[in-house]
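# Working through the structure, step by step
As a plain string of letters, each chain reads:
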There are 2 protein chains.
Amino acid sequence: MTLTNQELRDRFAPFISRRDADRHINIFWETQPSAFSEPGKQFIELSGGMPHTSFFPIESMSVNILTAPGSTDTINVPITHETPSSLALKHTLQYALSEGFQPLIDFVRAFVTRLGNVPQYDPSLWQCLIANGSCDSLFKIFQTCTDERSVVLVEELTFVPVISNILATGAKVVPLKLSMRDDDQGIDTTYMEDLLANWETGPYAAYDRPKFLYTIPTGQNPTGLTQSVDKRRKIYALAQKYDFVILEDDPYGYLKFPKFNHEKPMENPYISTEMTTEQYARDVLMTSYISMDTDGRVIRFETFSKIFAPGMRLSFVILNNFFYEKLLKFQEITTRQPTGISQQIVYSTIHAMAPTKNTDDVIEAWLHWIMKLACSYTDRRNVMLDALYNSEAYKRGLYSVVEPSAGMFIIVNVNVDEKRAPVIQQMDELIRVMDKHGVRAILGYKMAVDREFSKDHLNFFRLTYAYADNHEQLREAVTRLSDSVVEYLA
Amino acid sequence: MTLTNQELRDRFAPFISRRDADRHINIFWETQPSAFSEPGKQFIELSGGMPHTSFFPIESMSVNILTAPGSTDTINVPITHETPSSLALKHTLQYALSEGFQPLIDFVRAFVTRLGNVPQYDPSLWQCLIANGSCDSLFKIFQTCTDERSVVLVEELTFVPVISNILATGAKVVPLKLSMRDDDQGIDTTYMEDLLANWETGPYAAYDRPKFLYTIPTGQNPTGLTQSVDKRRKIYALAQKYDFVILEDDPYGYLKFPKFNHEKPMENPYISTEMTTEQYARDVLMTSYISMDTDGRVIRFETFSKIFAPGMRLSFVILNNFFYEKLLKFQEITTRQPTGISQQIVYSTIHAMAPTKNTDDVIEAWLHWIMKLACSYTDRRNVMLDALYNSEAYKRGLYSVVEPSAGMFIIVNVNVDEKRAPVIQQMDELIRVMDKHGVRAILGYKMAVDREFSKDHLNFFRLTYAYADNHEQLREAVTRLSDSVVEYLA
Ligand SMILES: Cc1ncc(COP(=O)(O)O)c(C=O)c1O
Ligand SMILES: Cc1ncc(COP(=O)(O)O)c(C=O)c1O
């Protein structure tokens, strides 16, 4: 069966919220180009409330970009009102289309195609929509898709602003158990399958069946867990069987590491194997949900926050034409367009990394940058895990560690004695001890969707190795953490 | 009576939507600074999922800014991870507070204070919230404040994306008649007063009384109308009497012009009087609603789109503490933070315009830039009005003109013969003739909230003088418009 736009509409109309039906958009400007053509005469626009470019205080700019993370070598990238001609300041400083600038759309589309992060159905039926941060796009998707009747499945520990956004639409969230076993990371599919098979007799029988799964499949926030490909296939099959849409939020997917080697803690295959971009794409990166999608039921969120800079507030969404139209219209009347200057800087920087403007070269150069980032993160992950395993508290059995193979986070489960006091109280006390020792982490229980449901997972801290100044500081931080735990528990 | 935070809460709680009540925000991170202080030791953060600054591909940048609109003289503004120390790249590239960066908040606050665009009540009870475009903030305000029970008064012709956003919350919009008389521009207060005095027996008796007025008081979009100070006082008094909140959307307020001089069409007092910033602030700028506000009932929207560049997607909102908290929390879980790099560039550019970093000097310099813009717009307005008055179609009485004294727009009312065909049909036909002549404008009827209500105002085009390349092109555009109208009507 080949999909069509009409089929997408029929198929996914039931996944649209009451709220979206109220969202009528009057485009008051003409969207068709004029047919006017008279030799020597220019068509004159008196329509858009757009300032002439000479009214912008910026004449030109230049960005000094690094050739590798942490390096001191720079390349100077000039940007003027006219150059680069594909995307120049006179356009990016101006009001522009809500979908983003075409050259950037083309680039991200080529990029995700190169990595296979694209659906299996007809390429004319899906789009890349440029947006201003995954957080905002997730908000907009839930506004578009969920209302009082909707149920969304989520990981029991998750990125909580998303939960606020789901609840704000009136929808219900249903947590899914997470497995933290090294050989089975992420959503517990046995639990999930059972829940779905027996929905009407299960704990959420009062709710409708779920229409959405929100998941962070790689380097999950806060747990650092990464779902295996097998698990993803199982979950996609469940999505087909029970007909729900998968919202794949993947800000950490590119920061993927080889497994931690306990024998050689500092082993880093990015360096030792002189990894190529082919190897990275094939052997290191995970298979995404969108790459399995034959039905149009996966919406994938990627962001430049973690691989470029959060202050750009730039991201994109990969989705079928039906959802695309909805999200685009919503952007049109709210944020209007992803920040032009961010699109300019991200586009210009990435293109300046390449020796030519050939798209393949640009993709290759950008992948090199990303791999160097992933390599640095691998080092940091190694340092922190090594420090944790060698810490006093670990040796005394006062905490255990869940090993991440992607992202920015490691969680440490503290072996608090539940008989002594409620777990949350103890974690609150412990974080005050840590404060005294000069280190801070995120209290895991604050990222639980339902504390009762996750009562066995309230005793952890989320640590990040992303922000420390250097490896030494990471080791020092772990020492302070360990000292705090020893002081508190021993 | 002096206001307090508690009073603001009690007063304005009824102005909050059902939807907002569903918006619960879990802050999972610690917001208090640590008390840790040990000599020679640094506190270590393992909390935020923030990349270390060395992972950002941008080492530094520089912006060449213009010294005056249209000038070719530039000043080079270097920006690095460490400088300017008040707002440097290492902060603006990173995740940051949703309210915006403090130095920028301080600046806009000082700026609006200098111009008197601040409420009359205790300065500790209101805030400036940095945001990413007025369009998005208006969307957020309506999401926060209106629902199925709410009624919003709007100008009968207005910026239509806002209407979409109001309707999407389930609220009703009620159009207010506009007066287009030269000596009485904007909302028809006789109509308005009558409507409010007799609401329960009027055409909207089925609706609750209005809780909000959305208005564009200066250089209104699409009509170009500017409300007199008297009119504003009357409307503010009505807001007090009938207890509604005024949403003052003022993107064009700074682009304020002296009245058009029919004797000397090109007269431009910005030039001829060598106007000072004092004169501009005192004699040219309009008194804003917020400056009259003693009760906390005005929310004012300002944007950098028209005075800096739309591609920055940067704006701010002036509002009382109660509404501020609501809007801030909404930003927190959606757009998260106004684009950092935009805050950086706008802040750095404005500060580079001044000879010193003294806030008064910076304000003075920024006002100079704005006045030069307003001066150029005055010229453009003069050119277009002059061309319109001298056009064939005008002389033949085929259209009339509403003279703007602010903003970017002039409207031309075409004297179509209503007996010939429906007005909308004729306007659609006319715009196709214009297309053939090589000129385009906005069809006014597309900006009507209710076409039946505005049946006498469907026959206009909105022209902008903002976007043309030069005065010659403006004149040429008017000639083409005139030719089209003559061809169609004569
Ligand atoms: C799971 C997850 N989704 C989304 C985001 C936010 O992404 P963005 O910066 O693109 O809004 C984050 C970052 O904190 C995250 O951890
Ligand atoms: C009345 C009005 N409000 C708001 C806006 C949008 O402002 P911003 O660019 O800050 O979103 C415009 C510009 O088109 C406008 O005309």
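The model shown is predicted, which means the values in this text are computed figures rather than measured ones.

On to the overall build of chain A. Helix and strand counts for chain A come out as 17 helices and 17 strands. Oriented by its inertia axes, the alpha-carbon framework of chain A measures out at about 85 × 60 × 40 Å. Here chain A, with 490 residues, has 64% of them falling under the buried criterion. The long-range share in chain A, meaning contacts at least 24 apart out of those at least 6 apart in sequence, stands at 73%.

This part takes up the site of ligand 1. Surrounding ligand 1, one finds 16 residues, the nearest of these being A:Asp249, A:Tyr252, A:Ser305, A:Arg313 and B:Tyr95. Residues within reach of ligand 1 are spread across chains A and B. For ligand 1, an oxygen atom lies 3.2 Å from a polar atom in the side chain of A:Lys306. Protein coverage of the free-state accessible area of ligand 1, which is 400 Å², stands at 98%. Across the shell around ligand 1, the residue classes break down as 7 nonpolar, 5 polar and 4 charged.

Counting residues at the interface gives 113 residues for chain B and 113 residues for chain A. Here chain B and chain A share an interface that buries about 10,000 Å² over both sides, 60% of which is from carbon and sulfur atoms. Looking at the side of chain B facing chain A, the largest losses of area belong to B:Phe28, B:Leu46 and B:Arg440, adding up to 10% of the total buried there. Counting across the chain B and chain A interface gives 2 salt bridges. Residues B:Glu45 and A:Arg440 are paired through a salt bridge, measuring 3.4 Å at the closest nitrogen-oxygen approach. At the junction of chain B with chain A, the criterion picks out 48 residue pairs in polar contact (both at pLDDT 80 or more). Sort the elements by how many residues they give to the side of chain B that touches chain A and strand S2 (residues 58-66) of chain B lands first, with 9 residues. Split into classes, the residues belonging to the side of chain B that touches chain A amount to 55 nonpolar, 35 polar and 23 charged. Where strand S15 (residues 439-440) of chain A meets strand S1 (residues 44-45) of chain B, 2 bridges bridge the pair, whose relative direction is parallel.

Summarizing the sequence annotation, UniProt attributes the feature "domain: Aminotransferase class I/classII large" (unreviewed entry) to residues 129-481 of chain A in the numbering used throughout. As annotated, residues 129-481 of chain A has a helix share of 42% and a strand share of 17%, and its two end C-alpha atoms lie 42 Å apart.

Moving on to the sheet that holds strand S3 (residues 74-80) of chain B. Spatially, S3(A)-S2(A)-S2(B)-S3(B) is the arrangement adopted by the 4 strands of the open sheet, whose pairing is antiparallel. Looking at strand neighbours, the two that pair on one side only are strand S3 (74-80) of chain A together with S3 of chain B, the edges of this open sheet. Neighbouring strand axes in the sheet, compared pairwise and without regard to direction, differ in orientation by 15° on average.

Let us look at the site of ligand 2. Around ligand 2, a shell composed of 16 residues is seen, among which A:Tyr95, B:Asp249, B:Tyr252, B:Ser305 and B:Arg313 lie nearest. The site occupied by ligand 2 is bordered by residues of chains A and B. At a separation of 2.8 Å, an oxygen atom of ligand 2 approaches a polar side-chain atom of B:Asn221. Here B:Ser305 contributes a side-chain N or O atom positioned 2.6 Å from an oxygen atom of ligand 2. In isolation ligand 2 has 400 Å² of accessible area, and contact with the protein removes 98% of it. Counted by class, the shell around ligand 2 contains 7 nonpolar, 5 polar and 4 charged residues.

On to the relation of the copies chain B and chain A. Taken as rigid bodies, chain B and chain A are interconverted by a rotation of 180° and an axial shift of 0.0 Å, the fit giving an RMSD of 0.1 Å. What we have between these two chains is a two-fold relation. Across chain B, the rotation axis passes nearest the C-alpha of B:Ser62, at a separation of 2.6 Å.

Bringing the pattern of salt bridges into the picture now. Close approach of charged atoms allows side chains of opposite charge to pair. Counting across every chain of the model gives 54 salt bridges over all chains. Its salt-bridge partner being A:Glu278, residue A:Arg114 comes within 3.3 Å of it at the nearest N-O pair. Of the two residues, A:Arg114 is situated in helix H4 (residues 102-114) and A:Glu278 in helix H10 (residues 277-284); the sequence distance between them amounts to 164 residues. Residue A:Glu278 is classed as partly exposed on the basis of its relative accessible area, which comes to 42%. Residues B:Lys259 and B:Glu403 are paired through a salt bridge, measuring 3.8 Å at the closest nitrogen-oxygen approach. Of this pair, B:Lys259 sits in the loop between strand S10 (245-249) and helix H9 (269-272) while B:Glu403 is found in the loop between strand S13 (399-402) and strand S14 (409-414), placing the two residues 144 residues apart along the sequence. When its relative accessible area of 6% is taken as the criterion, B:Glu403 is described as buried. Put simply, A:Arg11, A:Asp243, A:Asp295 and A:Arg297 are held in one network by salt bridges that share partners.

Further remarks concern the side chain of A:Thr226. Residue and element names in this part refer to chain A. Relative to the helices and strands, Thr226 is located in the loop between strand S9 (212-215) and helix H8 (229-242). We classify Thr226 as buried; its relative accessible area is 8%. Here Gly219 takes part through its backbone nitrogen, which lies 3.0 Å from a polar atom of the side chain of Thr226. In this view, Thr226 contacts Gln185, Pro217, Thr218, Gly219, Arg232, Lys256, Met286, Ser405 and Ala406; residues no more than four positions away in its chain are not counted.

Turning our eyes to something else, we now look at the state of the cysteines. Note on terminology: a disulfide is the covalent bond linking the sulfur atoms of two cysteines. Summed over the entire model, instances satisfying the criterion amount to 0 disulfides over all chains. A:Cys145 forms no disulfide, and the closest cysteine sulfur to it belongs to A:Cys135, at a distance of 16 Å.

Take the domain arrangement of chain A next. When the parts of a complex come together, some accessible area is lost, and that lost area is often used as the size of the interface. Residues and elements named next belong to chain A. Domain assignment breaks chain A into domain 1 (84-373) and domain 2 (375-489). Spacing between the C-alpha centres of domain 1 and domain 2 amounts to 27 Å. Between domain 1 and domain 2, the contact holds 45 residues from the first and 32 residues from the second. At the junction of domain 1 with domain 2, the criterion picks out 1 salt bridge. Joining domain 1 to domain 2, the criterion identifies 20 residue pairs in polar contact (both at pLDDT 80 or more). Broken down by class, the residue content of the side of domain 1 that touches domain 2 amounts to 25 nonpolar, 11 polar and 9 charged.

Another aspect to go through is the sheet that holds strand S12 (residues 315-320) of chain A. Residues and elements named next belong to chain A. Read from one edge to the other, the open sheet built from 7 strands follows the order S4-S12-S11-S10-S9-S5-S6, with strand pairing classed as mixed. One side of each edge strand has no neighbouring strand; the edge strands of this open sheet are strand S4 (126-131) and strand S6 (172-176). The sheet shows a mean angle of 20° between the axes of neighbouring strands, taken without regard to direction. Two elements, S4 and S12, share 6 bridges in a ladder whose sense is antiparallel. Considered in S12, the bridge of Cys128 is made with Ile318. This element, helix H5 (residues 134-145), spans S4, strand S5 (151-155), S9, strand S10 (245-249), strand S11 (298-303) and S12 of the sheet and lies at about 155° to S11. Lying over the sheet, helix H7 (residues 189-197) contacts S5, S6 and S9, oriented at roughly 135° with respect to S6.

Our focus in this paragraph is unusual backbone geometry. In this chain, A:Thr83 is followed by A:Pro84 through a cis amide linkage whose omega measures -10°. Within the element layout of this structure, A:Pro84 appears in the loop between S3 and helix H3 (89-92). The linkage connecting A:Asn221 with the following residue, A:Pro222, adopts the cis geometry, with an omega of 15°. Topologically, A:Pro222 is positioned in the loop between S9 and H8. The phi dihedral of B:Glu274 falls on the positive side, at around 45°, and the residue is not glycine. Residue position: B:Glu274 is located in the loop between H9 and helix H10 (277-284). Phi is positive for B:Arg336, which is not a glycine, with a value near 65°. Assignment of secondary structure puts B:Arg336 in the loop between helix H12 (321-333) and helix H13 (340-352).

Thresholds applied
Residues numbered from 1 in each chain as written. Chains lettered and ligands numbered in written order. Predicted model: local features only at pLDDT ≥ 70, side-chain atom pairs only at ≥ 80, totals over all residues. Heavy atoms only, no water. Helix = DSSP H or I, 4+ residues; strand = E, 2+ residues; numbered from the N terminus. Buried < 20%, exposed > 50% of the residue type's maximum accessible area, 1.4 Å probe, protein only. Contact = heavy atoms within 4.5 Å. Near = heavy atom within 4 Å. Polar contact = N/O pair within 3.5 Å; in protein donor to acceptor, adjacent residues only side chain to side chain. Areas by Shrake-Rupley, 256 points an atom, 1.4 Å probe, with all protein chains shown as cover. Nonpolar A, V, L, I, M, F, W, Y, C, P; charged D, E, K, R; others polar. Buried area = accessible area lost by both parts, 1.4 Å probe. Salt bridge = Lys/Arg side-chain N within 4 Å of Asp/Glu carboxyl O. Pairing = 2+ DSSP bridges. UniProt positions renumbered as here; feature names shortened; annotations may be inferred. Axes fitted to C-alpha atoms, helices over the stretch in contact; angles between N-to-C directions. Least-squares fit on C-alpha atoms with pLDDT ≥ 70 in both. Disulfide = S-S within 2.5 Å. Domains from an automatic or database assignment.

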